[in-house]
Amino acid sequence: MSEILEQISTAVIEGDVGEIKDLTEDALDEDLSAEEILDKGLTPGMDYVGVEFKAGNMFVPEVLRSAKTMQLSMDILKPLLAESGVEMVGKVLLGTVKGDLHDIGKNLVGMMCEGAGFEIKDLGRNVEPEAFVQAVRDFEPNIVGMSALLTTTMRSMESTIKVLEEAGLRDKVKIMIGGAPLTQAFADQIGADGYASNAAAAADLAKKFVSA
Amino acid sequence: MRTNYVVNSGVRFQLLSDDQLQELFDGVLHLLEYTGLDVYHDEARDILEKAGAWVDGLRVRLPAYLVKDALTKAPRSFTLFARDGNPKHNIHIGPGRAHFGPGPTCPNFIDVETLKRRPYVKSDVPLVAKVCDALPNIDFVESLGTVGDVDYELGALYEFAGMFPNTSKPIVAWSYDRFDSAGIHEIAVTEAGGQEAFERRPNYVHYCEPLSPLVSTFEAVDKLIFAARHRVPLIFTPCPISGGTAPVTSAGIIIQGAAESWLGLTLAQAIQPGLPYFMGGVFSVMDMSSMILAYGAPELPLNMAALTELAHFVGLPLWQTGGVTDSKTFDEQAIIEGSMSVFFSALTGGDLCHDVGYTESAMTGSVFQLAAMDEAIGYSRRITRGIEVNEDTLAVPVIHNVGPNGHYLREKHTRRYYKNEFWYPKLCDRRNYEEWEMMGKTSFKDRTVARVQDILATHQPSAIKPETERVIEKVLAEAEERVKDHK
């Protein structure tokens, strides 16, 4: 492996947001392809971060810094990847459902999924079912992630799924849900494809959905 | 003759100096005046603007004089009354008095028969209330759960309707919205004998929860307005998470959370001057590995002690937190985390300490954790009661009379004091090995389970009035009618 790819991996692991853009440009100057930089530089770095996080050796703020580092590199690589026809891992549409203003968990999911290589569109909080539908049409995500903290607002997930069905879009996306009062049983009951108990598990679930 | 003789019989505990408290106080006032909060309620913003707040869109900023004025209006001492007039069940809020009780809204519950974790249901409510009613160191009542097997909008109403007849200790009522609040209030007022009688002897406290960072949601403020207009004592309790929805530092989370709470205070005092008001709530850390709000973290009791001192510094009572654990089961972790926070809370004299009985980081309520903590609270209260030093307790003549090589077992002095000087455990075992073996070699957990089951089999809470029973039925029927279009 070339030295520059190793440096890119290290920059991701260390969350070196100051250096990553230059390193990415340098790698491209060395005639490495965007795909190589992604597969052999960024992804091995994030994989290492994932393992260390699960082992309890790295913590959320460090993981988010690594994800941000990867993101800065991806901003440069994305157009090049698109040109050469390389597909991104996938797209995730996120939102806290109607009636609910709690969004720290959903934000964490977004950052974790970004770190896993997904393109994210975050609709924010208090998102109407119709807004999800419109965004599924425009953004064409592989996965829709819905979040709720309240036992009252978690019901909006069910109505959002219904509206997606009525719009004929349900089969085009995998739906994952999360939030403190939620359970796998609730996910099954409302016809979601999956439930994740925390942000790291959500990123894993998203990866599973797109590789299936 | 001794005059103005100061007796420091209780334990003295202080975390922060007066200078530190003044800095925290100034920090809160600065946040409220310069940053402000978003208030998602038109009427609330109008009321605050009329009172002197600066309103710009959703954003409300409070000049310091307005906040200080609200602080002078809220009482430091008042009484919450038992619905049946039982003086032992009254709660006197005031300096040096710590009270304890459970918390609301856990989605799961440890079944009292199978001891297994499962979703919380309607029939759990009376059991929790009964256990609280019987436990000597539990002073107020919440349900330890969100009722999952009724229409999703009616959980809070069924919760209150299930608790009220099964305990006469004051209840802290959580609710979803103004409809719940009105139903709850109608039940409580009927029992009290009308609105005026209720205002003189309030038998429940209303609980509202704003959102961190710096948001007063529509529901939180709407319920506050209802409670303030009906003169229901009020808790306005944020749950900021250090590192996530609040600064990572203790001083930072304290001033942000206090600012969130004092927005509610200023609104409540503008509507109902003199309304009894507790600032809250749960100030802990985000675990940076599991991403949960850690209830068992040492930062929780530490932050809560600092918050209690800030509350008392400005003359407010505090909604404390303790007796909680992140453990998933009834084990050593549950007891260590629960007992440490309970003891720390008792030391601070934080006025109502809630969430006793929370396990799994507030995801599962457990009456067994609650009963175990009743023991820890008793233990803590014995320590915080301190040592009384006077001529009689010094026992100089008693020691002189017994002399070298005597014993104290037959002394009048011993008989006079042994019941109050010593604390008697209900669950901790002090028998010798042979007796313990003979009694079935029980563990602390075995004895806790047995005590809870014994209470459930034998304890009879005092009954509510027949007219209150009818009002409960009426309120529930009306509520069911309101939501009948839900599938």
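About the cut-offs
Residues numbered from 1 in each chain as written. Chains lettered and ligands numbered in written order. Predicted model: local features only at pLDDT ≥ 70, side-chain atom pairs only at ≥ 80, totals over all residues. Heavy atoms only, no water. Pairing = 2+ DSSP bridges. Helix = DSSP H or I, 4+ residues; strand = E, 2+ residues; numbered from the N terminus. Contact = heavy atoms within 4.5 Å. Axes fitted to C-alpha atoms, helices over the stretch in contact; angles between N-to-C directions. Polar contact = N/O pair within 3.5 Å; in protein donor to acceptor, adjacent residues only side chain to side chain. Domains from an automatic or database assignment. Parallel < 35°, antiparallel > 145°, perpendicular 65-115°, else oblique. Left-handed = near helix turned anticlockwise from the far one by under 90°. Nonpolar A, V, L, I, M, F, W, Y, C, P; charged D, E, K, R; others polar. Salt bridge = Lys/Arg side-chain N within 4 Å of Asp/Glu carboxyl O. Buried < 20%, exposed > 50% of the residue type's maximum accessible area, 1.4 Å probe, protein only.

Caption draft 1: Representation of the sheet that holds strand E10 (residues 204-208) of chain B in the model. All names here are of chain B. The seven strands are arranged E6-E18-E17-E14-E12-E10-E9 in an open sheet whose pairing can be described as parallel. On the outer flanks of this sheet lie strand E6 (99-100) and strand E9 (171-174), each paired with one strand and no other. Of the strand pairs in this sheet, E10 and strand E12 (residues 234-236) are connected by three bridges, and their pairing is parallel. Following the sheet pairing, Cys-208 is matched in E12 by Phe-236. The strands that helix H10 (residues 299-313) touches are strand E14 (277-280) and strand E17 (318-321); relative to E17, the one it contacts most, it runs at about 170°.

Caption draft 2: Summary view of the side chain of Asp-139 of chain B. Residues and elements named next belong to chain B. Within the fold, Asp-139 resides in the loop between helix H4 (124-134) and helix H5 (155-163). Side-chain polar atoms of Asp-139 contact the side chain of Arg-381, separated by 2.7 Å. Beyond its immediate chain neighbours, meaning those up to four positions away, Asp-139 contacts Ile-91, Ala-98, His-99, Phe-100, Lys-169, Pro-170 and Arg-381.

Caption draft 3: Examining the domain arrangement of chain B more closely. Along its sequence, chain B is carved into domain 1 (78-385) and domain 2 (391-421). Distance between the C-alpha centres of domain 1 of chain B and domain 2 of chain B: 43 Å.

Caption draft 4: Broad picture of the packing of helix H3 (residues 64-73) of chain B against helix H9 (residues 250-271) of chain B. Residue and element names in this part refer to chain B. At a minimum axis separation of 9 Å, H3 and H9 run at an interaxial angle of 70°. Classified by the angle between their axes, H3 and H9 sit roughly perpendicular to one another. Classified by chirality, the crossing of H9 by H3 is left-handed. Listed contacts from H9 to Leu-66, Val-67, Ala-70, Leu-71 and Lys-73 of H3 are Trp-262, Leu-265, Thr-266 and Gln-269. Grouping the constituent residues of the contact of H3 with H9 by class yields six nonpolar, two polar and one charged.

Caption draft 5: Looking closely at the sheet that holds strand E15 (residues 284-286) of chain B. Residues and elements named next belong to chain B. Here we have three strands laid out as an open sheet, ordered E13-E15-E16, and mixed in their pairing. Strands with a single pairing partner mark the edges of an open sheet, and in this sheet they are strand E13 (241-242) and strand E16 (293-294). Inspection of the sheet shows E15 paired to E16 by two bridges, in the antiparallel sense. Residue pairing in the sheet places Val-285 in a bridge with Ala-294 of E16.

Caption draft 6: Examining the pattern of salt bridges more closely. Enumeration over the complete set of coordinates arrives at 23 salt bridges over all chains. Among the salt bridges present, the one from Lys-98 of chain A reaches Glu-128 of chain A, with a minimum N-O distance of 3.7 Å. Remark: Glu-128 of chain A occurs in the loop between strand E2 (119-122) and helix H6 (129-139) and Lys-98 of chain A occurs in the loop between strand E1 (91-96) and helix H5 (104-115); sequence separation between them is 30 residues. What makes Lys-98 of chain A partly exposed here is its relative accessible area of 38%. It is possible to trace a salt-bridge network through shared partners that takes in Asp-111, Arg-118 and Asp-124 of chain B.

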